[in-house]
Every structure is written in C-alpha cells, then in structure tokens.
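Each chain, written out:
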Amino acid sequence: MTLRDEICEQPAALARLLHGSAGVMAEIRAAVVDRPPKFVVIAARGTSDNAALYAQYLFAVRNGIITALATPSTITLYGARPQMAEALVIGISQSGASPDIVAVIEEARRQGALTIALTNAPESALAQAAAITVDLQAGPERAIAATKTYTTELLAVALLSTALKPATAQESADICSVPEWVAEALSVEPVAQTLASGHAQRDHSIVLARGFAYATAREWALKLQELAQVSAFPFSAADFEHGPLALAEPGLPVLVVAPAGPPLDAQRHLLERLKADLGARLLVVSNDDEALRIDEGLPIPRGVSPWLSPLVEIIPAQLYTYYLTIARGLDPEAPRTITKVTETH
C-alpha cells in the first residue's frame, strides 16, 4: 500500500473508528463522572503532537477545560514529577512505542490520575501503561509519513470531547458526517496535483492558520518537511504579525488554512495585505469563495462544522504535499533519514 492509498483510505478508517468506539467512549464517560478532571495533560510527539494541539483548542472551546501539552523530557531527562493527580492524562501515539510518552502516562497513573492512550497499536507499551485505551482502528499504516493515523487521532479527540460533555443532536450528526466530508475533500486531488506541479522549485514556505486550524498548519508544515524537503515554518497568523511578518517579500510562498468562520475572519486582512501589498504568493485552503480567489486555492467541502474542520482541511494539504514531493523528484515512500517509528527518551 502506497502513501496515496493510505490518504485515500481515510474515509473508511474514520468510519471504522466512528462505529467501533462506542464501548470505550462509554467507559471513559463513566470514569470522568466518578472523577471529573480539573485539567487535561497530553503527551505526544511529531504528528501526534499536532493532534494534541487540536485537543488543546477543542477541550478549551467545547469543554471549558484548560489543557496542557506535556513536556516528557521533564520526566525522562530531569527526573521531575509534575503533579497530575487531578488531571485527565492522555498519551497520543500511532505506534505507542516512544518511551518518553509512556513515561508520562506511567507517572500519571502512579499518582492516581485517570490515564487514556490513543494509539493504533492496542498491544503497545503505551496501551499497557494507560488505564483505558482507545484503539484508533486505522489499520496498518505502512507509509512512513502518517496520514490516516493523524485523522483518526483527531476523530478520537473529538469523540473524547463528547465523552467529557455529551454531544447535542447537531454535533452527533456532524460527527457522523466526517467520513463523508473527508471523501468529498479527496475530490480535490486533480487541483492539488496541478498546483503542486507548478511549485516544484519552492524549497521554503510559511504556513499560517488560526484557532482549530492551527493544528492543520503545523501538520502540513511537518509533512512538507518530511516528504518534500521544504523548509516550512508554521505560525499562528496572530503570532506571525508579531515579528515574523518581516519575512514577507515579493514571491514568498505562504500556505494558509482558513476555513470559513472565525479562522478566516481573523486572518482576512493579513492575507489581503500579504498578497496585495507585500507581493507574497498565497495558496489558501478554504471553503470561502473570496478566500479561494485571493490567489491560488484548494477548496474543501462547505458546511463542515468548525470544531471538526481540521479532520477535513488536512486532506488537500496531504494531497498537495504528496504531489509536490513527486514534482521535486523525491520518493514519497522513502523520506530521507527518517523511519516509521521514532523512540525518544
């Protein structure tokens, strides 16, 4: 199975998780009723850390819970024991094999915290360390670059949010629509291929987003680094205006994730300035016609609920990166110097 196959398999993988997770989500719901967490701590690395960033936004916005991203090195390198007893502590890892992520979960469980693993390897060390394991059910992911394990991590986070706070009827309907939305997003493949073919000489880029979409910007930049060997620098659009805007110059490639709603409203003036005043070259992922016309555009389906949009907007980014890698004469099945499983201590 190739990377493209795994990108295209995502609607099926998401449907498996959606239909196969009811039991474990009920278990989590019962556990948090007995012990409501005061805050959430998430341990993750790489792509999974971008899923954790989505959770940080989602749990704050939808659940009203402050969420911290763990710093595993404080435990594994410095021997610290940060207090987590009153937290919900989550480890996210497609392989479940990284010792530093496992160490956070082990320490949290030792302190009596409720611990949850989100992993595609239910027999892994991470799964064994956690009290409850959510099997991502993505199936074997053989490509080195993570795609379907990322979107299943995002869906697992969304389902976990509804375990912490029950979904409304509309939210339940929206979650059930995710596989269909992702399948529709895959139809942008010819556009992504054409755009990427014209960008083969690009070796650097800025990637911008706001809100929930910031996780997408981070993941898109990571994929560009891993696969296309592009020096891609992700920023919150707000942070970009606080200094890095000085990088803007004529011809600067700027990739933007700006679905309709608050993420676009917060960026619209900046995008127009980058294009009209500073001469940057923009590629915008959006479902807003005006945003798509600012320069080049990659459309996503209309009507996607904002809190679930990261599951959909990453699809054109994955396809663009896949074809950009090929256009740059590189092999998307064999990224340079990296392996599928990275074990950090």
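Keep in mind that what you see is a predicted model, and the values were worked out from it rather than measured. (Residues numbered from 1 in each chain as written. Predicted model: local features only at pLDDT ≥ 70, side-chain atom pairs only at ≥ 80, totals over all residues. Heavy atoms only, no water.)

A. Broad picture of the packing of aromatic side chains. Enumeration according to the criterion identifies four aromatic pairs in this entry. On the numbers, 5.5 Å between centres and 55° between planes, the contact of Phe235 with Phe240 is tilted. (Phe/Tyr/Trp six-rings, centres within 6.5 Å; stacked < 30°, edge-to-face > 60°.)

B. Fine view of the nonpolar core. Ile28, Tyr54, Ile90, Trp220 and Tyr320 are the most contacted members of the largest nonpolar core, which has 85 residues in total. Excluding anything up to four places from it in sequence, Trp220 contacts Val207, Leu255, Val256, Val257, Leu283, Val285, Ile314, Ala317, Tyr320 and Thr321. By size, the runner-up hydrophobic cluster in this structure holds 20 residues, among which are Ala237, Ala258, Leu282 and Ala291. (Core = buried A, V, L, I, M, F, W, Y, C linked by side-chain atoms within 4.5 Å. Buried < 20%, exposed > 50% of the residue type's maximum accessible area, 1.4 Å probe, protein only. Contact = heavy atoms within 4.5 Å.)

C. Region of the structure containing the pairing of strand β4 (residues 114-119). With six of six residues buried, β4 lies mostly within the body of the structure. Because side chains alternate across β4, one face comprises the buried residues Leu114, Ile116 and Leu118, and the other comprises Thr115, Ala117 and Thr119, equally buried. In this sheet, β4 lies alongside strand β3 (residues 87-93) in parallel orientation, the contact comprising six bridges. The partner of Ser93 across the bridge, within β4, is Thr119. (Helix = DSSP H or I, 4+ residues; strand = E, 2+ residues; numbered from the N terminus. Pairing = 2+ DSSP bridges.)

D. Seen up close, helix α17 (residues 309-327). With 19 residues, α17 extends 28 Å from end C-alpha to end C-alpha; this agrees with the ideal 27 Å at 1.5 Å per step. Along α17, 17 of the 19 residues are buried, which leaves the element largely enclosed by surrounding structure. Just past α17, the residue Gly329 takes up positive phi, approximately 75°. (Expected span 1.5 Å × (residues − 1).)

E. Molecular detail of the sheet that holds strand β5 (residues 132-135). Read from one edge to the other, the open sheet built from five strands follows the order β2-β1-β3-β4-β5, with strand pairing classed as parallel. Each of the sheet's edge strands pairs with one partner strand only, and the pair in question is β2 (67-69) and β5. On average, each strand axis in the sheet is tilted by 20° relative to the strand beside it, whichever way the strands run. In the sheet, strand β1 (residues 39-43) pairs with β2 via three bridges, with the strands oriented parallel. Paired with Val41 across the two strands is Ala68, which belongs to β2. Taken strand by strand, helix α3 (residues 22-34) contacts β4 and β5, and its axis lies near 150° from that of β5. Across the sheet, helix α4 (residues 46-62) lies against β1, β2 and β3, angled at about 160° from β2, the strand it touches most. (Axes fitted to C-alpha atoms, helices over the stretch in contact; angles between N-to-C directions.)

F. Quick peek at the sheet that holds strand β7 (residues 231-236). With parallel pairing, the five strands of this open sheet are ordered in space as β7-β6-β8-β9-β10. Strand pairing shows two members of the sheet lacking a second neighbour, β7 and β10 (296-299), which therefore form its edges. Each neighbouring strand pair of the sheet contributes to a mean axis angle of 20°, computed without reference to strand direction. Set on the sheet, helix α12 (residues 214-226) makes contact with β6 (204-209), β7, β8 (253-257) and β9 (281-286); between it and β7 the angle comes to about 170°. On the sheet, helix α15 (residues 268-277) packs against β6, β8 and β9 and is oriented at approximately 150° with respect to β9.

G. Empty space enclosed by the protein, seen in detail. Per the counting criterion, the structure on display carries two cavities of 30 Å³ or more. If you add up the space inside the largest cavity, you get close to 50 Å³. As for the largest cavity, its lining consists of Arg202, His204, Ser205, Leu224, Val230, Pro253, Leu255, Tyr320 and Leu324. For the lining of the largest cavity, the secondary structure elements donating two or more residues are β6, β8 and α17. Residue composition of the lining of the largest cavity, grouped by class: six nonpolar, two polar and one charged. Roughly 30 Å³ of internal volume is contained in the second largest cavity. What lines the second largest cavity is Leu3, Ile7, Ala145, Thr147, Lys223, Leu227, Gln318 and Tyr322. (1 Å grid on protein atoms, 1.4 Å probe; cavity = no way out; pocket = protein on both sides within 12 Å on 5 of 7 lines; lining within 4 Å. Points joined across faces, edges and corners; volume = space filled by probe spheres on them. Nonpolar A, V, L, I, M, F, W, Y, C, P; charged D, E, K, R; others polar.)

H. How the structure looks around the environment of Ala196. One can find Ala196 in helix α11 (residues 189-197). Using a relative accessible area of 0% as the deciding quantity, one classes Ala196 as buried. In this structure, the C-alpha to C-alpha distance between Ala196 and Tyr322, residues 126 residues apart in sequence, is 8.6 Å. Every residue in contact with Ala196, bar those within four places of it in the chain, is listed here: Tyr320, Tyr323, Leu324 and Ala327.

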